[in-house]
Amino acid sequence: MAPADQTRKTASRDSSAAASGDSSAAASGSGDDIASRLLGWYDIHHRELPWRITPRQHARGVRPDPYRIWLSEVMLQQTTVEAVKTYFRAFVEKWPNVEALAAAPTEDVMKAWAGLGYYSRARNLKACADLVAGRGGRFPDTEAGLRDLPGIGAYTSAAITAIAFDQPAAVVDGNVERVISRLFSITTPLSEAKAVIRAHVERMMPGTRPGDFAQAMMDLGATICTPRRPRCMLCPLREDCSATVSGDPEHFPVRLPKADKPLRRGAAFVAVRGDGAILLRKRPERGLLGGMTEVPTTDWTARVDGATTEAAAPFPANWRPAGQIAHVFTHFVLELDVFRAEVNVAAPAGHFWSLAHEISGEALPTVMKKAIEAAIPGATKKPSPHYVKRPHD
Ligand code: SF4
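Residues numbered from 1 in each chain as written. Predicted model: local features only at pLDDT ≥ 70, side-chain atom pairs only at ≥ 80, totals over all residues.

Observations concerning the site of the ligand
Near the ligand there are 14 residues, and of these C225, C232, C235, C241 and P249 occur at the shortest range. Of all elements in the fold, only α12 (174-183) and α15 (242-246) reach the threshold of two or more residues within the shell around the ligand. If you tally residues by element for the shell around the ligand, the top one is α12, at three residues. Partitioned by chemical class, the residues of the shell around the ligand number 11 nonpolar, one polar and two charged. (Near = placed C-beta within 6 Å. Helix = DSSP H or I, 4+ residues; strand = E, 2+ residues; numbered from the N terminus. Nonpolar A, V, L, I, M, F, W, Y, C, P; charged D, E, K, R; others polar.)

In structure tokens form, the structure reads like this:
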């Protein structure tokens, strides 16, 4: 079939998209056709993930553990699957169910979370575990019920409803947005196309296996319909996809140009005692990296002035420059000048000495690990007591 014919065919089938005001072209298959092709592909090509049950298990009546699905989904909020696997295994080894997590000291949970980022999520994770354990250990099985719990928003509630309870729910993450944008050649910028994308997902959702459908969409986006060089020749939805007909699927999703992130600067001070201990302190509970551990730093400011030099050190010492590190936060880029000094003093108020073998177990966010590594290479790399290495890690 000539591309022009295909385009005509795709444009004639999706009346719901046209009715919604979507400026996109429409895919050729009905929702049922697409779901059936996708599920057939998923049965064979699904990813093996430590929190998942396989389609074969699902067919045998095995059901996922809502605790594991919830934990993985919270960890996956803006973090990659690969990064989450190790943390997930360590968490469930240490806290195999929601009651065990609820019984854990918050400090231990924060330490186990360190490195995953978004530390407010760790606090919400613990608060949610406390609440669910207090209600008998059962997670609600509806989107509305789940959304009432701490740290569970619209996306996570839909994902848990679909995956853990196999209930129909439109699960739309970045992978799904990309697949739908391409299937229907949605020309509206992604930030304004969310409702249209959701409507397409709802229309395509099958009457059975909504959980597998949600996971299949995610897997297709993660492994076939990738941001760069989508592997359209291997795609089960190739015949349904208008973007691949256009020859430029990477054009979708359409995005508005990004504004540059502002730059903030500061200084970090790594004080080392004779026995290798490092001086640390805890950040305030509220705010960025709340409750996490850090080396003493100045304020992080857009200004370049005296507040970002060794003049702002927590106490006088022979502070020597140890390099500069950068870290990208959601809303700004941080540059820290790192200083190091050998000292032998009692910890100032609000600070504590962490012994060399304890450093890797501290709740240090990545930016602080970078600062310490700049001053003392290898200091944070010793195996953490929270990390459990498996043969396939
Ligand atoms: S055919 Fe290509 S662009 Fe379309 S959904 Fe499949 S991988 Fe993505």
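Next comes the rest of the write-up.
Thoughts on the nonpolar core
V270, V295, V338 and A371 are the most contacted members of the largest nonpolar core, which has 98 residues in total. When residues of this core are assigned to domains, at least three fall in each of domain 1 (3-251) and domain 2 (263-375). If near-sequence neighbours (up to four positions away) are discounted, V270 is found in contact with I278, V295, A322, V338, R340, A371, I372, A375 and I376. (Core = buried A, V, L, I, M, F, W, Y, C linked by C-beta atoms within 7 Å. Buried ≥ 20, exposed ≤ 12 C-beta atoms within 10 Å, placed from the backbone. Domains from an automatic or database assignment. Contact = placed C-beta atoms within 7 Å.)

Details of the packing of helix α5 (residues 66-76) against helix α6 (residues 81-94)
At a closest axis distance of 10 Å, the pairing of α5 and α6 adopts a crossing angle of 140°. In terms of their interaxial angle, α5 and α6 are classed as oblique. For the element pair α5 and α6, the recorded crossing hand is right-handed. For the pair α5 and α6, contact is made by R68, L71, S72, M75 and L76 and by V81, V84, Y87, F88, F91 and V92, respectively. The class makeup of the residues in the contact of α5 with α6 is nine nonpolar, one polar and one charged. (Axes fitted to C-alpha atoms, helices over the stretch in contact; angles between N-to-C directions. Parallel < 35°, antiparallel > 145°, perpendicular 65-115°, else oblique. Left-handed = near helix turned anticlockwise from the far one by under 90°.)

Concerning the pairing of strand β2 (residues 278-282)
Where β2 lies against strand β6 (residues 351-354), four bridges are found, and the strand directions are antiparallel. The residue bridging I278 from the neighbouring strand is S354, located in β6. Here two bridges tie β2 to strand β3 (residues 293-294), and the two strands are oriented antiparallel to one another. In the strand pairing of β3, K282 is matched with T293. (Pairing = 2+ DSSP bridges.)

Quick look at the environment of E177
Secondary-structure assignment places E177 in helix α12. Counting along the chain gives 44 residues from E177 to G221, while the straight-line C-alpha distance between them is 8.6 Å. If sequence neighbours within four positions are ignored, E177 has contacts with V172, L190, I197 and P253.

Thoughts on the environment of T366
As for its placement among the helices and strands, T366 is situated in helix α16 (residues 366-375). On a C-alpha basis, the gap between T366 and E294 in space is 10.0 Å, while along the polypeptide they are 72 residues apart. Excluding its chain neighbours within four sequence positions, the residues that come into contact with T366 are G115, G117 and H327.

Remarks on the environment of E99
By secondary structure assignment, the location of E99 is in helix α7 (residues 98-103). Its 15 C-beta neighbours within 10 Å are what place E99 among the partly exposed residues. In sequence terms E99 and A133 are 34 residues apart; their C-alpha atoms lie 5.1 Å from each other. Beyond its immediate chain neighbours, meaning those up to four positions away, E99 contacts A133 and G137.

As for α12
Burial analysis of α12 places eight of its 10 residues in the buried class, the great majority of the element. When α12 is considered as a whole, its buried residues turn out to be V176, E177, R178, V179, I180, S181, R182 and L183. Looking at the buried residues of α12, the elements they touch are α13 (194-204), α14 (210-223) and α15. One or two positions beyond α12, positive phi appears at S185, with a value near 45°.

Here we look at unusual backbone geometry
At the junction of F252 and P253, the peptide bond is cis and its omega measures out at -5° in the coordinates. Of note, P253 is situated in the loop between α15 and β1 (263-272). One non-glycine residue, R229, lies in the positive phi region at around 45°. Within the secondary structure, R229 is located in the loop between α14 and α15.

Focus on the packing of α5 against helix α11 (residues 154-165)
Between α5 and α11, the least distance of the axes is 10 Å, while the angle of their chain directions is 145°. Where α5 crosses over α11, the handedness of that crossing is right-handed. Of α11, the residues touching α5 (which contributes P66, I69, W70, E73 and V74) are T156, A159, I160, I163 and A164. A class-by-class count of the residues in the contact of α5 with α11 yields eight nonpolar, one polar and one charged.

Examining the confidence of the model for the protein
Across the protein, the average pLDDT comes to 87, with 87% of residues at 70 or higher. Highest mean pLDDT in the protein belongs to α7 (98); lowest belongs to helix α1 (residues 3-13) (31). Below pLDDT 50 for its whole length, residues 1-25 participates in 37 contacts with residues either more than four positions away or in separate chains. Segment residues 384-393: pLDDT under 50, and 14 contacts once partners within four positions in sequence are set aside and those in other chains are kept. (pLDDT = per-residue confidence, 0-100.)

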